[in-house]
Amino acid sequence: MRERKNILPDDQMLTVLDHTPVAILVSGIDDYEVIYRNKQAEKFFSQKQGQAGVKCYEAAGRSTPYPYCEMDNLSEAENPVRRFHFPEDNRFYQRRGKIINLDGRPEHIEYILDITEVQREKENVMAFKEELEKTNERMQFIINTVPGGIAIYKVSDIFETVYFSDGVPELTGHTVEEYKKSLDEDTFQLVYHEDKERLLETAREGVKTHQMVSAEFRKKHKDGHIVWIRAQAKWIGEEEGYPLLHCVFQNISDLKAAQLEMNHLVNSIPGGIASYHIEKERFISTYFSDGVAELSGHTRSEMEEMVREDAFHIIYEGDRERVADKVKEALISGESLDVSYRMRHKKGNLIWIHLNGRRIDPLSESIRFYAVFTGMTAESRLFESIAEIRRMESM
């Protein structure tokens, strides 16, 4: 086995230095004269190669000292790191200089490393961060201008609020600070007590199924009145092993007030109002007022069950064919339907009902139909029968 020498010959040492990725420049302290430059240094200090007495800044094509020739605050012990930008090639360099002793003379040695790619990567990261911050600011502005509010909850045994937009406390007239304080006590502190359990069940259903869920509930406003809120929530992943629920809240108090007022008006009309979706000659109930069920003495839930498959089923069997013919004529013509029929009262006796209705959509396989129902006394039924006989005679 060949014995290795601990010290390389001078020519081999120069070869090693020429292959280092760092530029090495040695110059005189007093006169800036270049004493040594390796291959990497020759890329930066390429002028007047082989010429004696060349100054370090002259080797770089300059007439006066430049940063890499400066020796301020240098010593044998210290080895400070400095950076500079070289405008000629628009690149960045890192300098590490010190004083060394060569043959009893102090000289200046400079190690220069091209850090352009690292510097540009840092600049790119900084630019990305700045753009990300601007994007987040724009997104936050958009979120805070959306009607209502947005919140994210981490769900465990409790609902921990991870984030909420400014619109969430505004729903109940609170400031952000007031709302944060309420969260410290109970996330659902402001929810109306009668709606809390139902809201929790809906939220946990969303976590379990990963499907969009919605609920309408009441919250207590800061000034004491009740605010109606519609919430839509969806599972969006996990944090620390716990599900995250994204929720969007809207104030629907005005809508609720309008609905209550409309329901009051509709249910104040003598008789009742209903809407249907007609498919394959089936009348599928989409809405009916309380008065429809009251005409026959049934509760709302009883009537819902009676009309579930087809609302025609509540018509007395002996009248169905006649009413069906009248309905077909009205659907084809688009004219108003005006017909009376019998149905069973909850007590078992037959009662007369008058129906006035019309299709809303163009004639097709799927049609919407609106109807108004009124009860008929024996006297009004007699007058209608007489009018019907006269119409038949005139034909």
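Everything numeric here is computed off the predicted structure, so don't read it as measured data.

Participant: Before we move on, can you summarise the overall build of the protein chain with the specific residues and values?
Facilitator: From N to C terminus, the protein chain includes 12 helices and 15 strands. Sorting the 395 residues of the protein chain into buried and exposed places 34% on the buried side. Look at the contacts in the protein chain between residues 6 or more apart in sequence, and 40% of them connect residues 24 or more apart. Surface accessibility of the protein chain: about 25200 Å² in total, with carbon and sulfur atoms responsible for 52%.

Participant: Requested: an account of the side chain of K256, with residues and values cited.
Facilitator: You can see K256 is positioned in helix 8 (residues 253-268). In contact with K256, not counting residues within four places along its chain, are E216 and W228.

Participant: Kindly report on the environment of T286, identifying the contributing residues and their values.
Facilitator: Checked against the element boundaries, T286 lands in strand 12 (residues 282-288). Residue class for T286 comes out exposed when judged on its relative accessible area of 52%. Between the C-alpha atoms of T286 and S275, which are 11 residues apart in sequence, the distance is 5.7 Å.

Participant: How would you sum up the nonpolar core? Please name residues and give values.
Facilitator: In terms of nonpolar packing, the biggest core is built from 28 residues, with Y276, F283, Y341, F369 and F373 touching the most fellow members. Counting only elements with at least two residues in this core, the list comes to strand 11 (272-279), strand 12, helix 9 (290-295), helix 11 (317-333), strand 13 (337-344), strand 14 (350-359) and strand 15 (366-375). Not counting chain neighbours up to four residues away, the residues in contact with Y276 comprise F283, I284, S285, T286, A311, I367, R368, F369, A371 and F373. Ranked by size, the runner-up nonpolar core spans 26 residues in total, among them Y153, V155, F164 and F217.

Participant: Would you mind going over the pairing of strand 15 in detail, with residue names and values included?
Facilitator: Here strand 11 pairs with strand 15 via eight bridges, running antiparallel. Pairing of I278 across the sheet is with I367, part of strand 15. Between strand 14 and strand 15, which pair antiparallel in sequence order, lie six residues.

Participant: So what's going on with the packing of aromatic side chains? Residues and values would help.
Facilitator: The description of two aromatic rings rests on the distance between their centres and on the angle between their planes. Enumeration according to the criterion identifies six aromatic pairs in this entry. Where F164 meets Y179, the ring centres are 4.9 Å apart and the plane angle is 70 degrees; that geometry is what we call edge-to-face. Placement of F164 in strand 7 (residues 159-164) and of Y179 in helix 6 (residues 176-185) is noted, with a sequence separation of 15 residues between them. Exposure class is identical for F164 and Y179. Each is buried. Taking 5.6 Å as the distance between ring centres and 75 degrees as the angle between the ring planes, the aromatic pair formed by F283 and F369 counts as edge-to-face. Here the residue F283 occupies a position in strand 12, and F369 occupies one in strand 15, the gap between them amounting to 86 residues. Among the aromatic residues, those joined into a ring-pair cluster are Y276, F283, F312 and F369. Its end group placed over the ring of W228, K256 keeps NZ or CZ at 4.6 Å from the ring centre. When the ring centre of F288 is taken as reference, the NZ or CZ atom of R300 above it lies at 4.4 Å.

Cut-offs used in this document
- Residues numbered from 1 in each chain as written.
- Predicted model: local features only at pLDDT ≥ 70, side-chain atom pairs only at ≥ 80, totals over all residues.
- Heavy atoms only, no water.
- Helix = DSSP H or I, 4+ residues; strand = E, 2+ residues; numbered from the N terminus.
- Buried < 20%, exposed > 50% of the residue type's maximum accessible area, 1.4 Å probe, protein only.
- Contact = heavy atoms within 4.5 Å.
- Areas by Shrake-Rupley, 256 points an atom, 1.4 Å probe, with all protein chains shown as cover.
- Core = buried A, V, L, I, M, F, W, Y, C linked by side-chain atoms within 4.5 Å.
- Pairing = 2+ DSSP bridges.
- Phe/Tyr/Trp six-rings, centres within 6.5 Å; stacked < 30°, edge-to-face > 60°.
- Lys NZ or Arg CZ within 6 Å of the ring centre and 35° of its normal.

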